[in-house]
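# Descriptive structure summary
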Amino acid sequence: MLASVPGGATPPSEHDPLTRVMALHAIAYCERLFYLEEVEEIRIADHRVYAGRLLHEQLDTDGPLTSYTVESESLGIKGRFDAVRRQDGCWCVVEHKRGRSCKGADGRHDAWDSDRVQVIAYALLLAEHLGCDLAEVRGMVRYHANHRTIEVPIDEAAQVEFDQWRSRAAILRRGHARPPPTTAANRCIACSLAPVCLPEEERLARNPAWDTVRLFPADPDRIILHVVEH
């Protein structure tokens, strides 16, 4: 089922820079996050980011893991694969995530929208790079928290979804104001840019009756800090 992509679709300009695949992951998670990272170029690595990097360094794989950095002018994107394998006669793109898979309305495990668009983008990159059909490429998301591997269909519907998100990225790049925070306020709890974005302050300014979500660090140090100058 396709994600709902807000806003209209417009083809990216040839003057637009190549969009990082991770930026497509960000825009599907929160448009404001995308804008802060890609337009204002504010990027902060918190403990979750470092934990994710550590995971990739410590992956215990069943076979050889090969990673590539690929870019495409025609797709308008660039990115570095987590893993590419040859499996059952197909090329398989595997994206590794520390968290858990989501559950659909039918109770079945599924990939999150942001993870799905990320692995679709990598699969399209790989298919173009190898000059093969989409039928020869598979996409997988491995969730390490609950040990689930979710296959993401790579087909015409996936291509349409990718085109919509890429177009939305082009629209936001040309904007001159930060988009509002995501309506899914719980996503801000795990966002490294929350201290810069100030999502709850923004929501409260827009709606004084907003029941604010209190954002606390997961592991407070509780160390006394003395500020002795401006």
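### What about the nonpolar core?
One finds Ile77, Phe81, Leu125 and Phe162 to be the most contacted residues of the largest nonpolar core, which totals 42 residues. Secondary structure elements with two or more residues in this core: α1 (21-29), α2 (31-39), α4 (113-130), β8 (137-143), β9 (148-152) and α5 (156-173). If you tally residues by element for this core, the top one is α4, at 10 residues. Not counting residues up to four positions away in its chain, the partners in contact with Phe162 are Leu24, Leu75, Ile77, Ile120, Ala121 and Leu124.

### Quick notes on the pattern of salt bridges
Using the criterion set out here, one finds 15 salt bridges in the structure. The residue Glu38 makes a salt bridge to Arg173 at a minimum N-O spacing of 3.7 Å. Here Glu38, found in helix α2, pairs with Arg173, found in helix α5; they are 135 residues apart in sequence, far enough to count as distant. Judged on exposure class, the residue Glu38 and its partner Arg173 are both buried.

### Comments concerning empty space enclosed by the protein
Counted under the stated rule, the structure contains one cavity of 30 Å³ or more. In this model, the largest cavity occupies a volume close to 90 Å³. Tyr29, Cys30, Leu33, Leu36, Pro181, Thr182, Arg187, Cys188, Cys191, Ala194, Cys197 and Pro199 together form the lining of the largest cavity. If you list the elements that add at least two residues to the lining of the largest cavity, you get α2 and α6 (194-197). Among the residues forming the lining of the largest cavity, the class breakdown is 10 nonpolar, one polar and one charged.

### Here we look at the sheet that holds strand β1 (residues 19-20)
Read across the sheet, three strands follow the order β1-β3-β2 without closing on themselves; strand pairing throughout is mixed. Of all strands in the sheet, those with a lone pairing partner are β1 and β2 (69-72), marking the two edges. Strand direction decides the pairing type here: β2 and strand β3 (residues 77-80), joined by four bridges, are antiparallel. Paired with Thr69 across the strands is Arg80, a residue of β3.

### Notes on the sheet that holds strand β5 (residues 90-97)
The mixed open sheet is built from four strands, whose spatial order is β4-β5-β8-β9. Strands at the two margins of the open sheet, each flanked by one partner only, are β4 (83-87) and β9. Looking at each pair of strands side by side, their axes are set apart by 30 degrees on average, direction ignored. Looking at chain direction, β4 and β5 are connected through five bridges and run antiparallel.

### Considering the side chain of Asp82
Tracing the backbone through its elements, the reader meets Asp82 in the loop between β3 and β4. Within the buried core, Asp82 has no salt-bridge partner, and the shortest N-O distance to an opposite charge, that of Arg80, equals 5.6 Å. Among the polar contacts listed, one links the side chain of Asp82 to the backbone nitrogen of His96, at a separation of 2.9 Å.

### Some details on the packing of aromatic side chains
Considering all chains together, one arrives at one aromatic pair under this definition. Relative to Tyr122, the ring of Phe81 has its centre 5.0 Å away and its plane inclined at 45 degrees; by these criteria the two rings are tilted. Taken together, the residues span a long stretch of sequence, with Phe81 in the loop between β3 and β4 and Tyr122 in helix α4 at a distance of 41 residues. Like Tyr122, Phe81 is buried. If you follow Arg187 out to its NZ or CZ, it ends over the ring of Tyr29, 5.3 Å from the centre.

Thresholds, definitions, all that
- Residues numbered from 1 in each chain as written.
- Predicted model: local features only at pLDDT ≥ 70, side-chain atom pairs only at ≥ 80, totals over all residues.
- Heavy atoms only, no water.
- Core = buried A, V, L, I, M, F, W, Y, C linked by side-chain atoms within 4.5 Å.
- Buried < 20%, exposed > 50% of the residue type's maximum accessible area, 1.4 Å probe, protein only.
- Helix = DSSP H or I, 4+ residues; strand = E, 2+ residues; numbered from the N terminus.
- Contact = heavy atoms within 4.5 Å.
- Salt bridge = Lys/Arg side-chain N within 4 Å of Asp/Glu carboxyl O.
- 1 Å grid on protein atoms, 1.4 Å probe; cavity = no way out; pocket = protein on both sides within 12 Å on 5 of 7 lines; lining within 4 Å.
- Points joined across faces, edges and corners; volume = space filled by probe spheres on them.
- Nonpolar A, V, L, I, M, F, W, Y, C, P; charged D, E, K, R; others polar.
- Pairing = 2+ DSSP bridges.
- Axes fitted to C-alpha atoms, helices over the stretch in contact; angles between N-to-C directions.
- Lys, Arg positive; Asp, Glu negative; His and termini not counted.
- Polar contact = N/O pair within 3.5 Å; in protein donor to acceptor, adjacent residues only side chain to side chain.
- Phe/Tyr/Trp six-rings, centres within 6.5 Å; stacked < 30°, edge-to-face > 60°.
- Lys NZ or Arg CZ within 6 Å of the ring centre and 35° of its normal.

Everything listed here is a matter of geometry and, on its own, says nothing about what the molecule does.
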